[in-house]
Amino acid sequence: MFHVKHKTFIERMFMANSQTIYALSSGSLPAAIAVVRISGPSTKKTLILLAGKVPKPRKLTLMELKSKNKEIIDVSLVCFFPKTESITGEDLVELHLHGSVAVLDEIYLFLASIKGLRPAEPGEFTRRSLINGKMGLTQVEGLADLIASETKEQRIQSLRQLNGELSDKYLKWRKVLIE
């Protein structure tokens, strides 16, 4: 009987998308604010464990975030995005925390203690956006270019690519070539 020892790329991607991920999405600490994103099927469950409820979608809501022993970790602005309205195509939450090392350590300890959650790999939120059809490949490239931009011209060109101008141009060329 043939046995495959290694999972295929598609199997790994499916497994990765079945897990809930989290990561610091803002700059290094300490800082005034640190934004932590959580995305995946256990996002709502995690938010209920952490904050007691899921706030109204796409509305910043001031909430107490508590550890499992009900000790307040931080008072944070929380924004929930249902999968139909999130950039990853999955339920997603942003925690706008006070940007101290102590606060982030406690949040990470809490998140790491929940079964099915794991730290995100570099670029994984963007990869999920691509896999779930929320961004196209040229848009992903535009986002990378925008993050790396150093001049006004680079920023403007990256935003045009991120907004789909290059994809639109390619689709028009494709249509002309097919005709």
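Below, the structure is looked at part by part. (Residues numbered from 1 in each chain as written. Predicted model: local features only at pLDDT ≥ 70, side-chain atom pairs only at ≥ 80, totals over all residues. Heavy atoms only, no water.)

**What about a nonpolar patch on the surface?**
Now for step 1: Taken together, Leu-60, Leu-62, Ile-72, Val-75 and Leu-77 make up a surface patch of nonpolar side chains, about 440 Å² in accessible area.
Now for step 2: With three residues, the single largest contributor to the nonpolar patch is strand E4 (residues 72–81). (Patch = residues over 30% accessible without salt bridge, like charges linked within 9 Å, V, L, I, M, F, W, Y side chains within 5 Å. Areas by Shrake-Rupley, 256 points an atom, 1.4 Å probe, with all protein chains shown as cover. Salt bridge = Lys/Arg side-chain N within 4 Å of Asp/Glu carboxyl O. Helix = DSSP H or I, 4+ residues; strand = E, 2+ residues; numbered from the N terminus.)

**Digging into the environment of Tyr-22**
Now for step 1: Tracing the sequence through the fold places Tyr-22 in strand E1 (residues 20–24).
Now for step 2: When the C-alpha positions of Tyr-22 and Lys-70 are compared, they lie 21 Å apart, and in sequence the two are 48 residues distant.

**Some points on the pairing of E4**
Now for step 1: Counting buried residues in E4 gives seven out of ten residues, a clear majority hidden from the surface.
Now for step 2: Sheet topology note: the strand E3 (residues 61–66)/E4 ladder contains six bridges and is antiparallel. What sits directly across from Lys-66, in E4, is Ile-72.
Now for step 3: Connecting E3 to the antiparallel partner E4 that follows it, the hairpin turn spans five residues, and Lys-70 within it adopts a positive phi of roughly 70°. (Buried < 20%, exposed > 50% of the residue type's maximum accessible area, 1.4 Å probe, protein only. Pairing = 2+ DSSP bridges.)

**So, the pattern of salt bridges**
Now for step 1: Inspection of the entire model under this criterion finds nine salt bridges.
Now for step 2: Of the charged contacts in the structure, one is a salt bridge between Lys-66 and Glu-64, with a shortest N-O distance of 3.6 Å.
Now for step 3: Assessed through its relative accessible area of 28%, Lys-66 is described here as partly exposed.
Now for step 4: With relative accessibility at 38%, the residue Glu-64 sits in the partly exposed group.

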